[in-house]
Amino acid sequence: MASIMANIAERHRNRQNGESSETVYYELMARYFKRIQDAQKEGNPVVAYGGFVPPEIFYALDIVPMQMESVSNGTVATLKIHDEVLALSQDIGQWFNTCSSRRIEAAMLAQGWIPRPYAIVWGNNSCDPNAKAGYLIENLYGVPGFFLDRPYNVNEKDRKYYAEELGELVQFLERLTGNKMDWSRFRQVVENAWKMAQLHREICDLQGASPCPMSNRQGSQVVAIGSMYSGTEDGVNYLQRVRDELQACVKNGVGFAHQEKHRLIGLFHAPTYVLKIMDWMEREQGAVIVAEPFSSHWGDWQVETNDLLGSLAAKCFALPNSRQLHGPAYQAAIPDAVGDALRYKANGAIYWANVTCPQCLSMIRLLTDALQEKAGIPTLVLHMDTMDPSSASHEEIKAKIEDFLERSSKRKKQLV
């Protein structure tokens, strides 16, 4: 994977005649996989972790982190082996209506295609299967695990409780690896994470400019690096580069699409197998994603140097997606989506309705009604599966998007 990502980065560098943020994205992805490979060869500790677990602790302890979703799903999406791996998941008894991300992860673990880590760290958060995912790695690979118990509510009492959980995780990793926490280094890591959050806020605001300066697929790239490299200088530098490129485009009035016709809100995550459809939307339909409220709205948090674990706990509560999906919907999901639609003058929304995600499906009616009633925009609900191409074909998705955009155009003309 490292060499494949490096080759993609080189192609982008040659095509763009320079070091764009997209080139850097693939370079960082290549480096992430290579670091895991090198650590395995050299006998250095690699710790696997699930979604929403803060990687800052691993970086501060000089442990190589391996985010399970990024490694398993990233490999499948890059090599385009969705069908093969999902068939393997059926062979080991995975239910077809289980999250495809988890089915892919389970199949790759069962085949031994994911490097064996020193340990697995996971927790209970907004994604239901996460609470059980770590046990699978413990059993299949025979490694120790640590479960992070994240409270549901967001208040000072629960923040302190979660900070204690993170402190116990530090102790667990110190005993496991023999590495000792350098608290001055940890402070720098947490401060870098805070810088990245501020940069992410700026990027999301720039994305909503008119014309939109950002490609439809770049939002997911920003989220991926923000998650995998949180707290690192590499992460800060990448987001600064993205921010600076977008600022230059906005200053010069340059949009990413050749001719912007449709300004859309993206709800939840587009399937990994339809990224070329995202390109088609820009190139042939003039349809741009001006906001992705489920991955862009941070809650309030600050770094307190005398309480670094508390600061990191606060960051986990403020994190987009985690903050959105923990609900209730009227506290974050609905006001954020409606607010983005109004602020960035969207004229439609696409709801990527992952049929194996209960959280995603449970909010369809709430969000579509709110967007229609409070922002006056229609929503296209696309039922599909984030990692399973058999759930909806390219042709079917394109046809539905094209029909929605055509109807939206007629509606705009009638309003004028």
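To be clear, the structure that these remarks concern was listed above.
How each quantity is defined
- Residues numbered from 1 in each chain as written.
- Predicted model: local features only at pLDDT ≥ 70, side-chain atom pairs only at ≥ 80, totals over all residues.
- Heavy atoms only, no water.
- Helix = DSSP H or I, 4+ residues; strand = E, 2+ residues; numbered from the N terminus.
- Rg over C-alpha atoms; globule rule 2.2 N^0.38 Å.
- Buried < 20%, exposed > 50% of the residue type's maximum accessible area, 1.4 Å probe, protein only.
- Contact = heavy atoms within 4.5 Å.
- Areas by Shrake-Rupley, 256 points an atom, 1.4 Å probe, with all protein chains shown as cover.
- Lys, Arg positive; Asp, Glu negative; His and termini not counted.
- Charge placed at Lys NZ, Arg CZ, Asp CG, Glu CD.
- Polar contact = N/O pair within 3.5 Å; in protein donor to acceptor, adjacent residues only side chain to side chain.
- Salt bridge = Lys/Arg side-chain N within 4 Å of Asp/Glu carboxyl O.
- Core = buried A, V, L, I, M, F, W, Y, C linked by side-chain atoms within 4.5 Å.
- Phe/Tyr/Trp six-rings, centres within 6.5 Å; stacked < 30°, edge-to-face > 60°.

Caption draft 1: Region of the structure containing the overall build of the protein chain. A tally of regular secondary structure across the protein chain gives 18 helices and eight strands. For 416 residues, the compact-globule estimate of 2.2 N^0.38 gives 22 Å, and the C-alpha radius of gyration of the protein chain, at 21 Å, lies within 12% of that figure. The dimensions of the protein chain, computed from C-alpha atoms along their principal axes, are 70 × 50 × 45 Å. Every one of the 416 residues in the protein chain was classed for burial, and the buried ones make up 56%. When contacts within the protein chain are restricted to residue pairs at least 6 apart in sequence, those whose partners lie at least 24 apart make up 76%. Summed over its atoms, the accessible surface of the protein chain is roughly 18100 Å², and 50% of this surface lies on carbon and sulfur atoms. Mean positive and mean negative side-chain charge positions of the protein chain (43 and 49 charges, respectively) differ by 4 Å.

Caption draft 2: Focus on helix H13 (residues 308-318). Within H13, eleven of the eleven residues are buried, which leaves the element mostly enclosed by the surrounding structure. Within H13, the full set of buried residues consists of Leu-308, Leu-309, Gly-310, Ser-311, Leu-312, Ala-313, Ala-314, Lys-315, Cys-316, Phe-317 and Ala-318. Against the buried residues of H13 lie helix H3 (56-60), helix H8 (156-177), helix H9 (183-207) and helix H14 (322-325). Capping the start of H13, Asp-307 holds a side-chain oxygen 3.0 Å from the backbone nitrogen of Gly-310, two or three residues further along.

Caption draft 3: Main features of the pattern of salt bridges. For the coordinates displayed, the defined rule picks out 19 salt bridges. Linking Glu-260 and Arg-263 is a salt bridge whose minimum nitrogen-to-oxygen distance equals 2.8 Å. Residue Glu-260 is classed as partly exposed on the basis of its relative accessible area of 25%. Between Asp-403 and Arg-407 there is a salt bridge, with the nearest N and O atoms lying 3.0 Å from each other.

Caption draft 4: Inspection of the nonpolar core at higher detail. Core analysis: the biggest nonpolar cluster contains 118 residues, and Ile-57, Val-121, Leu-173, Phe-186, Tyr-238, Tyr-351 and Met-363 have the highest contact counts within it. Beyond its immediate sequence surroundings of up to four residues, Phe-186 is in contact with Glu-56, Ile-57, Ala-60, Met-181, Leu-308, Leu-309 and Leu-312.

Caption draft 5: Highlighting the packing of aromatic side chains. Under the criterion given, the structure shown has eleven aromatic pairs. A centroid spacing of 4.9 Å and a plane angle of 75° characterise the contact between Tyr-25 and Tyr-26, whose relative ring orientation is edge-to-face. For the pair Tyr-25 and Tyr-26, a shared accessibility class is recorded, and that class is buried. Ring geometry for Trp-122 against Tyr-135: centres 4.9 Å apart, planes inclined by 75°, an arrangement best described as edge-to-face. Of this pair, Trp-122 sits in strand S3 (residues 119-123) while Tyr-135 sits in helix H7 (residues 130-141), placing them 13 residues apart in sequence. Classification of Trp-122 by relative accessible area gives buried; the value is 4%. The class for Tyr-135 is partly exposed, based on a relative accessible area of 38%. Pairwise contacts between aromatic rings join Tyr-32, Phe-33 and Tyr-229 into one cluster.

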